[in-house]
Structure formats: structure tokens, C-alpha cells
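Commentary on secondary and tertiary structure
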Amino acid sequence: MIQLKNVSFQYGPEQQVFSRLNLAIHDSFWTVISGPDGCGKTTLGKLIKGLLKPQSGFISIKLPQEIEGVRIGYISGDYSTSIVGITVANDICFGMENIRTPQTEMQNRLEEVVAAVGLDGYENRLTTTLSGGERQKLALAGVLAMKARILILDEAFSMLDWISRKRLRSLIQNLKDQLKLTVIEMTNQATDIKTADMIVFIGPTGVPQFEGTREKFLYSETAQHWIAPQGGITSLLGLFPVEIVDEVQRLLEQLNVDIK
Ligand SMILES: Nc1ncnc2c1ncn2[C@@H]1O[C@H](COP(=O)(O)OP(=O)(O)OP(=O)(O)O)[C@@H](O)[C@H]1O
Ligand SMILES: [Mg+2]
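An account of the accompanying structure is given in this report.

Definitions and cut-offs
Residues numbered from 1 in each chain as written. Chains lettered and ligands numbered in written order. Predicted model: local features only at pLDDT ≥ 70, side-chain atom pairs only at ≥ 80, totals over all residues. Buried ≥ 20, exposed ≤ 12 C-beta atoms within 10 Å, placed from the backbone. Helix = DSSP H or I, 4+ residues; strand = E, 2+ residues; numbered from the N terminus. Near = placed C-beta within 6 Å. Nonpolar A, V, L, I, M, F, W, Y, C, P; charged D, E, K, R; others polar. Core = buried A, V, L, I, M, F, W, Y, C linked by C-beta atoms within 7 Å. Contact = placed C-beta atoms within 7 Å.

Within the sequence span of helix α2 (residues 88-98), burial applies to Val88, Ala89, Asp91, Ile92, Cys93, Gly95 and Met96. Downstream of α2 by a residue or two, Arg100 has a phi angle that is positive, lying close to 55 degrees.

So, on to the site of ligand 1. Taken together, the neighbourhood of ligand 1 is formed by Tyr11, Gln15, Val17, Gly35, Asp37, Gly38, Cys39, Gly40, Lys41, Thr42, Thr43 and Asn188. Sort the elements by how many residues they give to the shell around ligand 1 and helix α1 (residues 41-49) lands first, with three residues. For the shell around ligand 1, the per-class residue count stands at three nonpolar, seven polar and two charged.

This part is about the nonpolar core. Ile75, Ile92, Ala141, Val143, Leu151, Ile152 and Ile199 are the most contacted members of the largest nonpolar core, which has 59 residues in total. Per element, the largest residue contribution to this core is seven residues, and it comes from helix α4 (residues 132-145). Excluding residues that lie within four positions of it along the chain, Ile199 makes contacts with Val32, Ser34, Ile193, Phe210, Gly212, Arg214 and Phe217.

Quick look at unusual backbone geometry now. The phi dihedral of Arg20 is positive, around 50 degrees, even though this residue is not glycine. For Arg20, the location among the structural elements is in strand β2 (residues 16-25). Positive phi values are uncommon outside glycine, yet Ser28 reaches one of about 60 degrees. In this structure, Ser28 sits in the loop between β2 and β3 (30-34).

Here's what the structure looks like:
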């Protein structure tokens, strides 16, 4: 469980983002953090990752099984800054070297993670020659190699096309189920909530307006006011009973593919 208790954060005297924020994020769930531009989604991700420190309050992270080393992987849409290695293998090993992974284990983990994200055979490829989707897979492989059990995806798919987004999303969903990962995704795209178990919707002043399951969110006033006008699949899903939402969603996606 990740818990934020009375967390206040400001970038400067005039730049208060959160004031006494309380939030709980459950283990092994996919939680989408949504809300308008500038409401504090990225700031929240950086606070959880520990890249920013709150001026007051505290953040506690307790996993069911304690594991050594880096436990939180942060992937943003800006992969130009996240790739440091010359080749795919270099890049993945760089992170593991940083946390002093033994040499013998590094090779095993490298093989495991490239296979998990579908980059096997790419080990010696120059990272500069990878496509956007492949770079995102590499970023994911890197954090998995470091045994991250919490993935923070901050608009991580924003630069990808619709098909690549869908593929990476289902890849992460499978890994989440296999490895019991906790996924925290920051997005303000209505359609992105489809893989979410839980939704946190932050209002323009940094105050959560909704916290709960995806099903409850679909019927909430917050969804009606903020998400429905985007005209995404969500707005249509809100018209159907909760029990058949998944099936309707599947059919709608099928339809999209055919239209393309
Ligand atoms: N380094 C910084 N210095 C000063 N202010 C900042 C800094 N980074 C963010 N802010 C401000 O803090 C507020 C929250 O920003 P944040 O990037 O967390 O929002 P966001 O919800 O991620 O927005 P977006 O949807 O555009 O990604 C905004 O008003 C932003 O202008
Ligand atoms: Mg952001």
C-alpha cells in the first residue's frame, strides 16, 4: 500500500500544488490518476518516486514482500532522456549495474526482460535506431530488470500511435498479473481508464474529486463533467450497465479496428 498523509507540496511561494493531500494506492492494482492539465499528476508521480520531497506530511510505501534495491520504476513519455545505453543490452544493464546486480545474475535478468517485453533479438541494436514503441518497451525492460514492483507510467504512451498504445497496455497488464505489479498511470485521456482497476481524479486545485473503482467512476458526476465531453469510449460505456461494460468495450474496440 502506498499512503500519502497530509502531503503538502509547493514549487515556490506562489506555486502550491498539494495542500494536506491524503491518498491510498492499493498493491497489485492498476490505478489511473487523471485530472486536467497542471492539476499535479506529474508532481504526484515524482513525490511517490521520491524525486521530490513534500514540505510537510509523509508518504509511506509498504509492499507485501520486501525486496532489495529499486522498487519504483518511473517511465514518462519523454524517452529521449530515459535511454542512456548505446545498445539495447547496454541500456538495460546500465540500470542493473547502478544497483550493483552481480554479473552472473545480470545476464539472466537481461534475457528474461527482453523476452518479457518482446525485444528478444534486439540486444545488440543501437538504441538510436529503435522506433518509439520499441523505446517504450526498452524503458519498461529497464525498470523490470531492476525488479521494480511499482510502475509509474506518466503519460508514458502519449507519443505512440493507437495500435502501439494498445499493445504496450496489454503487455503491461499481463506483466502486472504475472508479477503482481502495482501500476500507477498518469493520464488525462478518457480511453486510458479501460485497463484501470481504480481511478483517482484530481481537480484543478490539486484536491481529489474522486477515488474509487473504475465502475463507480463511470457513473460518477466527475466522469460526466470532465471525461464524457472528450467523447471517448468512456462516454458511451457510461450508458451501459456495469455487468456488460467489458463486453461492450471489447465490441467497440473491434469496431474501431474494422473502421481503420
Ligand atoms: N519545476 C517546476 N517549477 C515550478 N512550477 C512547476 C514545476 N513543475 C510543475 N509546476 C507547476 O505545478 C503544477 C502541477 O504541474 P504538474 O506537471 O504536476 O501537472 P500535471 O497534472 O502533470 O499536468 P499535465 O497534464 O500538463 O502533464 C502546474 O501548475 C505547473 O505549472
Ligand atoms: Mg504531467
